[in-house]
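Overview (structure and organization)
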Amino acid sequence: EGAAGQATVTNGSHAYALHRLYAVGNMSITVVDKATGQVVPNADVTVVGPTEDGTNKQEVNTGATGTIVLKDQIIGDYTLTAEDVEDYEFYGGVSNGNLTVEKGETAEQKFEVVQTAGMTITVVDKEDPTKPIPGATITVTDPYGKSEEYDTDNNGQVTIPNQPVGENTVVINR
């Protein structure tokens, strides 16, 4: 569906190059802070999609506005991969997406990032707070409702290196 037609132009004894005509659309890529909804500037994104010869790979940056619009992209399916953004992590580890660019339309991809911090939880005996409880199962729910289960180590601790900043709920299951 990409090639709309082709033409050969001749002028007397001169033949000009064969050109394919493609339908095009646009794509908009934005990176936002999940907590505030504000755009996050300067994210690097790799865009892989169709070209006249097969596959094209573009390296782009969202710049100071946190959004980049790529105009006149050949219609078809694209894969986008965002790189780490300074002081942020991609929420849920999702740093890639798929877009379909349609003729005359603007396809949009939004990546959500969160600020993170390390968290260490220690589970101790209720009667003797100096005694850690190894093997306890805990559930940690982040500010956005995503829950993960962890088991404490021999010191009764769980360390989570990149937990979203904000109010996290901790439930001791054992």
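Residues numbered from 1 in each chain as written. Predicted model: local features only at pLDDT ≥ 70, side-chain atom pairs only at ≥ 80, totals over all residues. Heavy atoms only, no water.

Brief notes about the sheet that holds strand β5 (residues 24-33)
Let me state the cut-off plainly: Pairing between strands is defined by DSSP: at least two bridges between the two strands are required. Starting at the N terminus, helices and strands are each numbered in turn, a helix being any DSSP run of H or I of at least four residues and a strand any DSSP run of E of at least two.
As summarised here, the arrangement of the four strands in space is β8-β5-β12-β10, forming an open sheet in which the pairing is mixed. Since the sheet does not close on itself, it has two edges, and those belong to β8 (67-74) and β10 (89-90), each with one partner. Pairing of β5 with strand β12 (residues 106-114) involves eight bridges; the strand directions are parallel. Each residue of the ladder has a partner; that of V31, found in β12, is F111.

Brief notes about a negative patch on the surface
Worth spelling out the cut-off: Patches draw on residues past 30% relative accessible area with no salt bridge. Two like charges within 9 Å are joined, as are two nonpolar side chains (Val, Leu, Ile, Met, Phe, Trp, Tyr) within 5 Å. Note on areas: Shrake-Rupley with a 1.4 Å probe; residue coverage comes only from the protein chains shown. By salt bridge we mean one thing: a side-chain nitrogen of Lys or Arg within 4 Å of a carboxyl oxygen of Asp or Glu. By the counting rule applied here, Lys and Arg register as positive and Asp and Glu as negative, while His and the ends of each chain are not counted. By convention, the point assigned to a charge is CZ for Arg, NZ for Lys, CD for Glu and CG for Asp. Partly exposed residues are those whose accessible area sits between 20% and 50% of the maximum for their type, while under 20% is buried and over 50% is exposed, using a 1.4 Å probe and protein chains only.
Taken together, the side chains of D44, E59, E83 and D84 define an acidic patch exposed on the protein surface. Along the polypeptide, E59 turns up in strand β7 (residues 54-61). Accessibility expressed as a relative area gives 56% for E59, which makes it exposed.

Re the sheet that holds strand β15 (residues 147-151)
Filter applied, for reference: Every angle, taken between N-to-C directions, lies between 0 and 180 degrees, and every axis is a line fitted to C-alpha atoms, over only the stretch in contact when it is a helix.
Ordered by their spatial adjacency, three strands build an open sheet running β15-β14-β17, and the pairing between neighbours is antiparallel. Here the strands that pair on one side only, and so sit at the sheet edges, are β15 and β17 (169-172). Going across the sheet, the axis of each strand differs from the next one's by a mean of 20°, ignoring polarity. Bridge count between strand β14 (residues 137-141) and β15: five bridges; the pairing is antiparallel. Counterpart to T141 in the pairing with β15 is S147.

Don't take any of this as a statement about function, it's just geometry.
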